[in-house]
Amino acid sequence: MEYKIYVDERDVNDATSYYIAIIKETIKINGNSCEIVYSLDQVLLTDIVVVIKVTSAFRVYRRNLKQRLIVWLQGIQPEEMLISSTPLFYKIFYYSALRLLEWFTLRKADLLLLVSDSMRRHYEKVYGYKKDNFFLMPCFNLALSEKAFYVKDKYTHPSFVYAGSLDNWQCFSEILQTYKHIRLLLPNATLTVFTAEQNKAEFECKEKYGLKDVVIKYIPQDRIQEELSQFKYGFILRKDISVNNVATPTKLNSYMSAGIIPIVSESLNDFINHSYLCKYIIRINNIEAFENNAVQIKKFEKRKLNAVDVLDDFNKLFMSYYNKENYMNELSEVLSNYESNTFD
């Protein structure tokens, strides 16, 4: 059986590449051939096509309405458009178009790969989606590194890190304001920012918020886990909106794989629901309650941590929520059933 994973090169990054690799590997384990293609000219009418965006799904259906299609939905594109920096007129136009494409894709796709149950509930609420043709797997791309938990003095002083872009939805401003209050309570706290947007980070940290001691640098993806392993806490703050409610940020996996205690918004519903038994996570209810959040972090900082305990705590989550082998086994069964139902 022939599978084609159709992607736009612009949509491929570290997170999507890992997810696509899992899909491709699972398809091959099932005894089928699979090829990543960048043009629909490489797709045959008899192929089963996998895409990673509703816009790609539309291109496939525009070419052949009967094409067998599997769609990975890593985010809710219409709502993402609303919080983008796109000019208002185009934002409204594209939002409406994406809503139509999303509705059509949910109605027509043979199988949906969703990143969270919160996403499924969102589609149920917005479009009345009540089918059972879906598979759930969060976004992640790193396995647990045990040695990262045993870095010397890792858990003995309040070292904070933020890794990622500085887009508004990443709430970098709220992170800096939180850290500013932390410094008042924990004068020995440090903050390091890993980002490609170094000039913007310099302005935000040092000019806008007066945080002159923040270390700012760029780290290649292949070194990120090693670099992250030097820190105790990692920020991942998000506003309580639908885009974040359904999301499963790869950053959470990156932090925890390096033994970092995440300071995470409760708005990330899926992660919060799956990690409720984890003791070494700081859950933030309101990201704009800067002083209260700093007090909460200071209270946590008073705890004496043991690397063995943190590792054991995080390992439970990696054995379930971030377990690649489990997802591949489950997806293998789902694909086998899909193939049987399709060709019987």
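Residues take numbers from 1 onward in each chain, read along the sequence in its written order. Restriction of local features to residues with pLDDT of at least 70 applies here, the model being predicted, together with a cutoff of 80 or more for giving and counting side-chain atom pairs; totals for whole chains, interfaces and linings are based on all residues. As a convention, hydrogens and water are excluded, and side-chain values are obtained from all of the structure's heavy atoms.

Caption draft 1: Inspection of helix H6 (residues 172-185) at higher detail. The way it works is that DSSP assigns letters per residue, a run of H or I at least four long becomes a helix, a run of E at least two long becomes a strand, and they are numbered from the N terminus. By definition here, a helix of n residues has an expected span of 1.5 Å times n minus one. A rise of 1.5 Å per residue sets the reference length of H6, with its 14 residues, at 20 Å; its end C-alpha atoms lie 20 Å apart and thus fit the reference within 8%. Where H6 is concerned, the buried positions are Phe172, Ser173, Glu174, Ile175, Leu176, Thr178, Tyr179 and Ile182. Tucked into the core, H6 has its buried residues touching strand S7 (159-163), strand S8 (190-194), helix H7 (198-208), strand S10 (233-236) and helix H12 (290-301). Note on classification: 1.4 Å probe, protein chains only; a residue is buried when its accessible area is under 20% of the maximum for its type, exposed when over 50%, partly exposed between these limits. Should any heavy atoms of two residues lie within 4.5 Å, those residues are considered in contact.

Caption draft 2: Molecular detail of the sheet that holds S10. Strand order in this open sheet of 6 strands is S9-S8-S7-S10-S11-S12, and the pairing throughout is parallel. On the outer flanks of this sheet lie strand S9 (215-217) and strand S12 (282-284), each paired with one strand and no other. For this sheet, the mean angle separating the axes of adjacent strands, direction not counted, is 20°. As defined by bridge partners, S7 adjoins S8 across 5 bridges and the pair is classed as parallel. By the bridge assignment, Ala163 is partnered in S8 with Phe194. Note on definitions: angles span 0 to 180 degrees between N-to-C directions of axes, and those axes are lines fitted to C-alpha atoms, for helices only across the stretch in contact. Across the sheet, helix H10 (residues 250-257) touches S7, S10 and strand S11 (261-265), and the angle it forms with S10 is around 175°. Should DSSP find at least two bridges between two strands, the strands are taken to pair.

Caption draft 3: The environment of Glu207, seen in detail. If you trace the backbone, Glu207 turns up in helix H7. On the accessibility criterion, Glu207 (57% relative accessible area) is exposed.

Caption draft 4: Spatial organisation of the nonpolar core. Membership of the largest hydrophobic core comes to 115 residues, with the highest contact counts inside it found for Phe160 and Phe271. Broken down by element, this core gets its largest block of residues, 6 residues, from helix H13 (residues 307-318). Setting aside residues up to four positions removed in sequence, Phe160 forms contacts with Tyr179, Ile182, Ala189, Thr190, Leu191, Thr192, Phe231, Tyr233, Phe235, Ile263 and Ile297. We define the nonpolar core as a collection of buried residues of types Ala, Val, Leu, Ile, Met, Phe, Trp, Tyr and Cys that are connected through side-chain atoms lying within 4.5 Å of one another.

Caption draft 5: Spotlight on the environment of Val51. By the secondary structure assignment, Val51 is in strand S3 (residues 48-51). Measuring from C-alpha to C-alpha, the distance between Val51 and Val214 comes to 40 Å, with 163 residues separating the pair along the chain. Discounting residues that sit within four places of it in the chain, Val51 has contacts with Tyr6, Ser56, Ala57, Val60, Leu69, Ile70, Val71 and Trp72.

Caption draft 6: Looking closely at the packing of helix H4 (residues 88-108) against helix H5 (residues 117-127). Relative orientation of the contacting elements H4 and H5 amounts to 105°, with a least axis distance of 12 Å. As summarised for this structure, H4 and H5 are arranged roughly perpendicular, according to the angle between their axes. Here Arg99, Glu102, Trp103 and Leu106 of H4 lie close against H5, whose contacting residues are Tyr123, Val126 and Tyr127. Should an angle fall under 35 degrees it is called roughly parallel, over 145 degrees roughly antiparallel, and 65 to 115 degrees roughly perpendicular, with every other angle called oblique.

Caption draft 7: Layout of helix H1 (residues 14-29). Given a rise of 1.5 Å per residue, 16 residues ought to cover 22 Å, and the 22 Å separating the end C-alpha atoms of H1 matches this to within 8%. The complete set of buried residues in H1 reads Thr16, Tyr19, Ile20, Ile22, Ile23, Thr26 and Ile27. The arc enclosing the buried residues of H1, seen along the axis, measures out at 150°, which places them on a common side. One or two residues past the end of H1 sits Gly31, with phi positive at roughly 90°. As used here, the arc belongs to the directions running from the helix axis to the C-beta atoms.

Caption draft 8: Structural context of the state of the cysteines. To count as a disulfide, a pair of cysteine sulfur atoms needs to be within 2.5 Å. On inspection of all chains with the given rule, the structure shows 0 disulfides. For the unlinked cysteine Cys34, the closest cysteine sulfur is that of Cys139, found at 18 Å. Residue classification places Cys34 among the buried residues on the basis of a relative accessible area of 9%.

Caption draft 9: Representation of the pattern of salt bridges. Salt bridge, as used here: a side-chain nitrogen of Lys or Arg that lies within 4 Å of a carboxyl oxygen of Asp or Glu. Going through the model one piece at a time under the given rule, you end up with 11 salt bridges. The closest approach of N and O atoms between Asp47 and Lys4, which form a salt bridge, is 2.9 Å. Linking Asp47 in the loop between strand S2 (33-37) and S3 with Lys4 in strand S1 (residues 2-6), this pair joins segments that are 43 residues apart in sequence. Here Asp47 falls in the buried class, since its relative accessible area comes to 0%. Under the relative-accessibility criterion, Lys4 is labelled buried at 6%. Linking Arg10 and Asp8 is a salt bridge whose minimum nitrogen-to-oxygen distance equals 2.6 Å.

Caption draft 10: Layout of the packing of H6 against H12. Closest axis-to-axis distance for the H6/H12 pair is 8 Å, and the angle between their directions is 55°. Considered as vectors, H6 and H12 are oriented oblique to each other. Regarding H6 and H12, the two cross each other, and that crossing is right-handed. Touching Glu174, Gln177, Thr178, His181, Ile182 and Leu185 of H6 are Phe290, Glu291, Asn293, Ala294, Val295, Ile297 and Lys298, all from H12. Should the near helix be turned anticlockwise from the far one by less than a right angle, the crossing is termed left-handed; should it be turned clockwise, right-handed.

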